[in-house]
Amino acid sequence: MSEVLLSAKNLTKRFGGLAAVNDVSLNLWRDRIHAVIGPNGAGKSTLTNLLSGDIAPTSGNVTLGGQDVTGWNPERISRAGLGRSYQKTNIFLPFTVWENVRLAAQSRTPHAARWLSLASSVRESNERAEKALELAGLTSRRDSIAGAASHGEQRQLEIAMTLATDPQVLLLDEPLAGMGTAEAERMVQLLLKLKPQHAMMLVEHDMDAVFALADHLTVMVNGQVIASGTPSQVRNDAAVQSAYLGE
Ligand code: ADP
Ligand code: MG
């Protein structure tokens, strides 16, 4: 049985007079990929930031695993089971692939335990990092300097760093950006592999990938949801065709 892991209700974020996100509601289910598409400026990144706690909503609320997390800071939301990747990279380029993933895994550990360097918490975060590296298909690249890795491998590393906190919910902001066909295909396979264990929100411009991956599709324009449904429902929606797909 699939379950709702994250639920956003009537989320609005105003920047001065601009409603960057305007009354948006959505549910993320385990074992389902929910793609969010829309032109530049539609509010996709702002929506991601609202769900991850990077910014607080003007109104509306977010529940994660049944718990109201509205207004929580990103670290607390991360410990409650939400992992996100950023459109701009979060990678420390001079460090190795392994060091990046291990640092990300440690960020899950509460500050007090980190201070005390508790052996059990170090072991736990190393185990999480090891598992994330393997899931993301980077075990053979563990000792490479991150800055020397290919663009595709760096995006995989972003995913590994996100997985290192052992999240239930994954928010991915344009994981296929700038990728060639082979790299994009590898990322699509990776996301499919992660799907059964996670609820996933995928912000992505690559429509081939979106239609290959998404179980559910939400279309945003000017901060608002103009259509939401299965990919075929959305593809056949007249408002979407005129407003966004330009058909
Ligand atoms: P998308 O990710 O869909 O391209 P964004 O969420 O980045 O869109 O932006 C939505 C709108 O909100 C845009 O008009 C953008 O200029 C505006 N915006 C985003 N962040 C801020 C901010 N921190 N301050 C003011 N305006 C912002
Ligand atoms: Mg964006």
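The structure presented is a predicted model; accordingly, all values stated were derived computationally and were not measured.

Caption draft 1: Structural context of the environment of L217. Along the chain, L217 turns up in strand β9 (residues 216-221). With 184 residues separating them in the primary sequence, L217 and I33 have C-alpha atoms 8.5 Å apart. Those residues within four positions of L217 in sequence are excluded, and the remaining contacts are A35, I37, V210, G229, P231 and V234.

Caption draft 2: Region of interest: the nonpolar core. Ranked by size, the top nonpolar core spans 46 residues in total, and within it L6, A35, V169, L202, L213 and V219 carry the most contacts. When residues in this core are grouped by element, the largest group, 5 residues, is from strand β8 (residues 199-203). With residues up to four places along the chain from it excluded, the contact list for L213 reads I33, A35, V188, L191, L192 and L202. Residues V97, A146, A149 and I159 belong to the second largest nonpolar core, which totals 18 residues.

Caption draft 3: Structural detail: the sheet that holds strand β5 (residues 67-68). An order of β2-β1-β4-β5 is seen for the 4 strands of this open sheet, with the pairing classed as antiparallel. Pairing within the sheet leaves two strands with one partner each, and these edge strands are β2 (18-29) and β5. With 2 bridges joining them, strand β4 (residues 59-64) and β5 adopt antiparallel strand pairing. When the sheet's bridge partners are listed, T63 is paired in β5 with D68.

Caption draft 4: Spatial organisation of the pairing of β4. Where strand β1 (residues 4-15) meets β4, 5 bridges bridge the pair, whose relative direction is antiparallel. Opposite S7, over in β4, you have T63 as the bridge partner. Two successive antiparallel strands, β4 and β5, enclose a turn made up of 2 residues, where G65 displays a positive phi of approximately 55°.

Caption draft 5: Quick look at helix α1 (residues 44-52). The buried count for α1 comes to 9 of 9 residues, which makes it a mostly enclosed element. Every buried residue belonging to α1 is among K44, S45, T46, L47, T48, N49, L50, L51 and S52, and all of these are buried.

Caption draft 6: How the structure looks around the site of ligand 1. Neighbouring ligand 1 are F15, L18, A20, G38, N40, G41, A42, G43, K44, S45 and T46. Elements with a minimum of two residues in the shell around ligand 1: β2 and α1. Considering every element that reaches the shell around ligand 1, the biggest residue donor is α1, with 3 residues. In terms of residue class, the shell around ligand 1 is made up of 4 nonpolar, 6 polar and 1 charged.

Caption draft 7: Broad picture of the domain arrangement of the chain. What the domain assignment reports for the chain is domain 1 (1-81 + 170-247) and domain 2 (87-166). On a C-alpha basis, the centres of domain 1 and domain 2 stand 24 Å from each other. Taken together, the 14 residues of domain 1 in the interface contact 12 residues of domain 2. When residues of the side of domain 1 that touches domain 2 are traced back to their parent elements, those giving at least two are α2 (74-79), β7 (169-173) and α7 (181-194). When residues in the side of domain 1 that touches domain 2 are grouped by element, the largest group, 5 residues, is from α7. For the side of domain 1 that touches domain 2, the class distribution of residues is 6 nonpolar, 3 polar and 5 charged.

Caption draft 8: Broad picture of the sheet that holds strand β6 (residues 82-84). Strand order in the open sheet formed by 6 strands is β6-β7-β8-β3-β9-β10, and the pairing between neighbours is mixed. Pairing within the sheet leaves two strands with one partner each, and these edge strands are β6 and β10 (224-229). Mean inter-strand twist for the sheet, computed between neighbouring axes without regard to direction, equals 15°. Where β9 and β10 come together, 5 bridges link them in antiparallel fashion. For V221, the partnering residue across the bridge sits in β10 and is Q224. Set on the sheet, α1 makes contact with β3 (32-37), β6, β7, β8 and β9; between it and β7 the angle comes to about 150°.

Basis of the calculations
- Residues numbered from 1 in each chain as written.
- Chains lettered and ligands numbered in written order.
- Predicted model: local features only at pLDDT ≥ 70, side-chain atom pairs only at ≥ 80, totals over all residues.
- Helix = DSSP H or I, 4+ residues; strand = E, 2+ residues; numbered from the N terminus.
- Contact = placed C-beta atoms within 7 Å.
- Core = buried A, V, L, I, M, F, W, Y, C linked by C-beta atoms within 7 Å.
- Buried ≥ 20, exposed ≤ 12 C-beta atoms within 10 Å, placed from the backbone.
- Pairing = 2+ DSSP bridges.
- Near = placed C-beta within 6 Å.
- Nonpolar A, V, L, I, M, F, W, Y, C, P; charged D, E, K, R; others polar.
- Domains from an automatic or database assignment.
- Axes fitted to C-alpha atoms, helices over the stretch in contact; angles between N-to-C directions.

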